[in-house]
Amino acid sequence: MQTNLQHINTLPMPTWRWLGVNEAAFSGQLPEMKEASLQAPSLPQSVTLLNAPPTAAGTIATGMGQEVESFIEANTNAGQLLHIAPGAVPATQLVYRYTLTQNNPSVVDDTVILAEKNSKITLVQVFASQDASPHLHAGRTRIIAQEGSEVYLVQLQLLNGSSTAFCSVGVQAHKNAKVHLTQVELGAQHSFAGSEATLAGQGSHMENNTVYLGGGAQQLDYNYITRHIAPETTSNMQAAGALFGSSGKIYRGTIDFVSGAARSVGHQQENILLFSPKARNRTTPLILCGEENVEGQHAATIGRVDEAKQFYMQTRGLSEDTIKRLMVEAQFSPILAALPGEALQNEVAQRLAQQMAEM
Amino acid sequence: MRAFEQQKTYVEDVDRSMYDQKGTMQPAYEVQSGLTPDIVRAISKEKNDPPWMLDFRLKALETYNQMPLPGWGPSLDGLDIDNIVTYVRPNSRMENNWEQVPEEIKNTFEKLGIPEAERASLAGVGAQYDSEVVYHNVRAEVEAQGVVYTDMESALTGPYAQLVQEHFMRLVPPTDHKFAALHGAVWSGGSFVYVPAGVNVSIPLQSYFRLNAKGAGQFEHTLIIVEKNASLHFIEGCSAPKYNVANLHAGCVELFVAEGARLRYSTIENWSKNMYNLNTKRALVQQDGAIEWVSGSFGSHTGCLYPMSILKGENARMEFTGITFAGEGQHLDTGAKVAHAAPHTSSRISTKSISKSGGRSTFRSSVTVAPSAHGCKSSVSCESLMLDSLSRADTVPVMDVQNDDVDIGHEAKIGRISEQAIFYLMSRGLTEDDAKTMIVSGFAEPISKELPLEYAVEMNNLIRLEMSGSIG
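These numbers were taken from a predicted model, which means no experiment stands behind them.

What counts as what
- Residues numbered from 1 in each chain as written.
- Chains lettered and ligands numbered in written order.
- Predicted model: local features only at pLDDT ≥ 70, side-chain atom pairs only at ≥ 80, totals over all residues.
- Heavy atoms only, no water.
- Helix = DSSP H or I, 4+ residues; strand = E, 2+ residues; numbered from the N terminus.
- Rg over C-alpha atoms; globule rule 2.2 N^0.38 Å.
- Areas by Shrake-Rupley, 256 points an atom, 1.4 Å probe, with all protein chains shown as cover.
- Lys, Arg positive; Asp, Glu negative; His and termini not counted.
- Charge placed at Lys NZ, Arg CZ, Asp CG, Glu CD.
- Buried < 20%, exposed > 50% of the residue type's maximum accessible area, 1.4 Å probe, protein only.
- Contact = heavy atoms within 4.5 Å.
- Buried area = accessible area lost by both parts, 1.4 Å probe.
- Salt bridge = Lys/Arg side-chain N within 4 Å of Asp/Glu carboxyl O.
- Phe/Tyr/Trp six-rings, centres within 6.5 Å; stacked < 30°, edge-to-face > 60°.
- Axes fitted to C-alpha atoms, helices over the stretch in contact; angles between N-to-C directions.
- Parallel < 35°, antiparallel > 145°, perpendicular 65-115°, else oblique.
- Left-handed = near helix turned anticlockwise from the far one by under 90°.
- Nonpolar A, V, L, I, M, F, W, Y, C, P; charged D, E, K, R; others polar.
- Disulfide = S-S within 2.5 Å.
- Arc of directions from axis to C-beta.
- Polar contact = N/O pair within 3.5 Å; in protein donor to acceptor, adjacent residues only side chain to side chain.
- Pairing = 2+ DSSP bridges.
- pLDDT = per-residue confidence, 0-100.
- Core = buried A, V, L, I, M, F, W, Y, C linked by side-chain atoms within 4.5 Å.

Caption draft 1: Up close: the overall build of chain A. When you go through chain A residue by residue, the secondary structure sums to four helices and 20 strands. Scaling as 2.2 N^0.38, a compact globule of 359 residues should have a C-alpha radius of gyration of about 21 Å, and chain A matches this with 20 Å. Structurally, chain A occupies a C-alpha span of about 55 × 55 × 40 Å along its principal axes. Taken as a whole, chain A presents about 13100 Å² of accessible surface, with 49% of it coming from carbon and sulfur. Computing the positive centroid from 22 side-chain charges and the negative centroid from 30, chain A places the two 4 Å apart.

Caption draft 2: Just the overall build of chain B, in detail. Scanning chain B from N- to C-terminus turns up twelve helices and 27 strands. The C-alpha radius of gyration computed for chain B amounts to 22 Å, which stays within 12% of the reference 23 Å derived for 472 residues, consistent with globular compactness. Structurally, chain B occupies a C-alpha span of about 70 × 60 × 50 Å along its principal axes. With 472 residues in all, chain B has 62% of them scored as buried. Within chain B, contacts between residues at least 6 apart in sequence are counted, and of these 84% link residues at least 24 apart. Accessible surface, chain B: about 17300 Å² in total, of which carbon and sulfur atoms supply 48%. Within chain B, one finds 42 positive and 58 negative side-chain charges whose respective centroids are separated by 3 Å.

Caption draft 3: Local environment of helix 9 (residues 178-186) of chain B. Residue and element names in this part refer to chain B. Helix 9 sits mainly inside the fold: nine of its nine residues count as buried. Turning to helix 9, its buried residues number three or more, namely Lys178, Phe179, Ala180, Ala181, Leu182, His183, Gly184, Ala185 and Val186. Summarising the contacts, the buried residues of helix 9 are in contact with helix 2 (37-46), helix 3 (51-66), strand 10 (221-226), strand 12 (247-249), strand 13 (252-257) and strand 15 (275-278).

Caption draft 4: Structural view of the environment of Gln128 of chain B. Residue position: Gln128 of chain B is located in strand 4 (residues 124-129). When the C-alpha atoms of Gln128 of chain B and Glu220 of chain B are compared, they prove to be 8.5 Å apart, with 92 residues separating the residues in sequence.

Caption draft 5: Region of interest: unusual backbone geometry. Residues other than glycine seldom take positive phi values, yet Asn176 of chain A does so here, at roughly 60°. Here Asn176 of chain A shows up in the loop between strand 11 (164-173) and strand 12 (178-185). Given the relative accessible area of 40%, Asn176 of chain A is considered partly exposed. The phi dihedral of His344 of chain B is positive, around 60°, even though this residue is not glycine. Along the chain, His344 of chain B falls in the loop between strand 21 (331-340) and strand 22 (346-355).

Caption draft 6: View of the interface of chain A and chain B. Taken together, the contact pairs 40 residues of chain A with 40 residues of chain B. Between chain A and chain B, the buried area comes to about 3500 Å², and carbon and sulfur atoms account for 52% of it. Among the residues chain A hides against chain B, the three largest losses belong to Trp16, Glu292 and Ile302 of chain A. Together they make up 22% of the total. Taken together, chain A and chain B are joined by four salt bridges. Residue Asp404 of chain B is joined to Arg304 of chain A by a salt bridge in which the shortest nitrogen-to-oxygen separation is 3.5 Å.

Caption draft 7: Main features of the packing of aromatic side chains. All names here are of chain A. Counting across every chain of the model gives 27 aromatic pairs over all chains. Summarising the aromatic geometry, the rings of Phe26 and Phe192 are spaced 6.2 Å apart at their centres and angled 85° between planes, so their arrangement reads as edge-to-face. Linking Phe26 in strand 2 (residues 24-29) with Phe192 in strand 13 (residues 190-199), this pair joins segments that are 166 residues apart in sequence. A single burial state applies to Phe26 and to Phe192, both of which are buried.

Caption draft 8: Looking closely at the pattern of salt bridges. Tallied over the entire structure, the rule returns 38 salt bridges over all chains. Put simply, Glu73 of chain A and Arg140 of chain A hold a salt bridge, and the shortest N to O gap is 2.9 Å. Of this pair, Glu73 of chain A sits in helix 1 (residues 66-75) while Arg140 of chain A is found in strand 9 (residues 136-145), placing the two residues 67 residues apart along the sequence. Each member of the salt-bridge network shares a partner with another, and the members are Arg262, Arg264, Glu292, Arg317, Glu319 and Arg348 of chain B.

Caption draft 9: Structural context of the packing of helix 2 of chain B against helix 3 of chain B. All names here are of chain B. Following both chains from N to C, one finds helix 2 and helix 3 inclined at 155°, their axes separated by 10 Å at the closest point. The angle between helix 2 and helix 3 falls in the class roughly antiparallel. Between helix 2 and helix 3 the crossing geometry is right-handed. Contact residues: Pro37, Val40, Arg41, Ile43 and Ser44 in helix 2; Leu54, Arg57, Leu58 and Leu61 in helix 3. Across the contact of helix 2 with helix 3, the residue classes tally to six nonpolar, one polar and two charged.

Caption draft 10: Molecular detail of the state of the cysteines. In this structure the tally under the stated criterion is zero disulfides over all chains. In this model Cys382 of chain B remains outside any disulfide bridge; the closest cysteine sulfur is found in Cys289 of chain A, 12 Å from its own.

Caption draft 11: A look at helix 10 (residues 419-427) of chain B. Residue and element names in this part refer to chain B. Considered for burial, the residues of helix 10 that qualify are Glu419, Ile422 and Leu425. Along the long axis of helix 10, the arc covered by the buried residues comes to 130°, so they all point the same way. Buried residues in helix 10 make contact with strand 26 (406-416) and helix 11 (432-448). Near the N-terminus of helix 10, the side chain that reaches the backbone nitrogen of Gln420, with its oxygen 3.3 Å away, is that of Ser418.

Caption draft 12: Highlighting the pairing of strand 17 (residues 248-257) of chain A. Residues and elements named next belong to chain A. Of all ten residues that make up strand 17, ten are buried, and the element is covered over most of its length. Of the two faces of strand 17, the one lined by Gly248, Ile250, Arg252, Thr254 and Asp256 and the one lined by Lys249, Tyr251, Gly253, Ile255 and Phe257 are each fully buried. Note that strand 15 (residues 219-228) and strand 17 share ten bridges and pair parallel. Paired with Ile225 across the strands is Thr254, a residue of strand 17.

Caption draft 13: Examining the packing of helix 10 of chain B against helix 11 of chain B more closely. Residue and element names in this part refer to chain B. Interaxial distance between helix 10 and helix 11 falls to 9 Å at its minimum, and their mutual angle equals 125°. On the basis of their axis angle, the class for helix 10 and helix 11 is oblique. At the point where helix 10 passes helix 11, the crossing takes the right-handed sense. Where helix 10 abuts helix 11, its residues Ala421, Ile422, Leu425 and Met426 lie against Glu432, Ala435, Lys436, Met438 and Ile439. Tallied by class, residues from the contact of helix 10 with helix 11 come to seven nonpolar, no polar and two charged.

Caption draft 14: Highlighting the confidence of the model for chain B. Per-residue pLDDT for chain B has a mean of 88; in total, 92% of the residues score no lower than 70. Interface scoring of the predicted complex returns ipTM 0.94; its pTM is 0.92.

Caption draft 15: How the structure looks around the nonpolar core. Membership of the largest hydrophobic core comes to 59 residues, with the highest contact counts inside it found for Val195, Ile224, Leu232, Leu255, Met318 and Ile349 of chain B. Among residues more than four places away in sequence, those in contact with Ile349 of chain B are Met318, Phe320, Ala336, Val338, Phe363, Val367, Ser379, Val380 and Ser381 of chain B.

Caption draft 16: Layout of the pairing of strand 6 (residues 94-100) of chain A. All names here are of chain A. Side chains of strand 6 alternate between two faces, with Leu94, Tyr96, Tyr98 and Leu100 buried and Val95, Arg97 and Thr99 left unburied. Across two bridges, the pairing between strand 3 (residues 38-39) and strand 6 is antiparallel. Residue Leu38 lies in a different strand from strand 6, and its bridge partner there is Tyr98. Summarising the sheet, strand 6 and strand 8 (residues 120-129) pair through seven bridges and their orientation is parallel. Residue pairing for strand 8: Leu94 is matched across the bridge by Leu123.

Caption draft 17: Representation of the side chain of Glu236 of chain B. Residue and element names in this part refer to chain B. For Glu236, the location among the structural elements is in strand 11 (residues 231-239). There is a polar contact of 2.7 Å between the side chain of Glu236 and the side chain of Tyr265. Discounting residues that sit within four places of it in the chain, Glu236 has contacts with Ser207, Phe209, Val253, Tyr265, Ser266, Thr267, Ile268, Asn279 and Lys281.

Caption draft 18: Region of the structure containing the environment of Trp18 of chain A. You can see Trp18 of chain A is positioned in the loop between strand 1 (2-8) and strand 2. The residues touching Trp18 of chain A, leaving out its near neighbours within four places in the chain, are Lys337, Ser366 and Thr368 of chain B.

Rendered as structure tokens:
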């Protein structure tokens, strides 16, 4: 089906139009909506399914914006409304594995995670192509983290090179709640992702990690916003990426300190390795500040592998391809090493190695 | 509340009469407010433009009428071009001797320290009052080197007419944005500087712009050509008295830096707080050339200022050092742009901003690297200091890199004055007010040390003026 989305990943404070970073658009053919193929985990007793999204979910904005959310709402064929009981700490992570094939080419999931007071949950969503036909993943995940709760959400996007991915997350964190979001974007011809987190409760924390790999003619477009509303809130936004071929990437990372968020701290860092003179990197790290008593920092580094390091490794007998793979793995390791569980880390490492072999 | 936190107090602003004096001399001529082809023709006729310039102005006006306002940046709702008088000719000719300048105008510049600075430390001075240059002089020994420093109107029709025509609004065409088009239609005044190849102008030239008329605009054009292996330091300053209606400044600066040449362009902007400062500055730098910008923005109600450097030749480089101080009622949106358009070019942008009493400071930048520009390096550093929670400080940088053989770094910090630093200074006997002023002056020091001493002193005075308005 032909789909046109004009306002995706909108920058909270626009800048010069000619830079092309104020927002993204998508226009193209998407696979027809059919039933999604899902391998769902068994739920522990402390985790139940809600019949309807909680009222608070309706107030949560997600990073990719309203137009994508409306598309998801109109085409949902998957998703979970998860309720984690107060104080619950399930022993194992919940892994939702979606497999996309020619017969099940689309996953449009609308998921809500309501983590009650002092609960702790790890949720992994894997979206993987099993064949070369065009696939679509469009997902909205809204997280309500009540007082003292901890939510770890990992999203692995492993679609093939003719697919499209929209992965949008919204977070509302209450007092002393912690939310960790890791998005690993290793596939898709058009990869869009974003999150918007509101730190509404004193002492709440948002950790936002992104790993991306672009090759061929892939187009990657990301938008992350953390709004510090309450005092003593903290956030950390980290992104690590590598670009090959004639891929293009736009990364927008916004730390927004709203008046009243006294004694809050926000850090943002993006490190990009470039492996091709034809790749295009655009980076837009914003800090918006209406509160005096805060600390906000951001940093970005962009470039190729250090020549001295490259020479050293070559003198040790390593091939150019091996060096590239090692440097990318090293670039990604701080984020990937924090993925919950060795099995997940190994799966990502394998997929990364496969992708690198094709670059 | 921590032990050493203080109650906030407020004191009256310090007297700014040096900048706020209003001239009472009636202008010799002024156009009606607003913007029409007849007004543009009237300006062109007053200025005895060559025919090509009239055509240029009218075409720029068409472009202005077709272009929308920008969809980003500070609000321009308070600016109504129908209420702006775009040309005011003072009752004075251009002189090269201060004694010939009408008394009132001369006294204005005396109080601003311009003649004194010229005597003490400048190779030449241009002074503009409203829409025309009233004084222009260059030292004989500098002229003898072949350096040309004259007003734009003389340059348009004199021996450099062709050179001016070849360069005028080529770097900043009227199609660039709406206020560049406005400038193209109604520009008046400004300076033309030409430095021949191999000439080192060791003492700075300065232009000072004074906008006296209420509800008026100033649209001076500065065109500087520094030829191969030459060097120049050019300083511009500006001020205006405060009125309760909007004034507009939409000047344009075009700098051409030839192979191996070096140009330092320093600005202390101190417009009144009813001014809309929508200035456009751009430099084109050839192989092995260098442009250094030093910029202090203290005035204006609303400012949009982003000097841009195009590094066109191999090994060209750019440095930008700037400070912005946004106080009550001000929204200053400032920064820099650099385009790496050739291999082995380098750039460094270092800015500081201070916001207080509800002032709003926005740092906006772009670093672009063209596909052919391998071996480039760029670093951007932005520090913002907020003195209270009434104010805002925002940073909006963008990097667009289209070559992998680059080394690009960016960092920004936002925060408040360190309480530990204040405590330490107070423990050494300073008052809290003096401690904060010292810290803010220290914060600005990397910029002030790039200025000639007199201007560093002026900048420090401006910081003290601003800081003395509040404690907190």
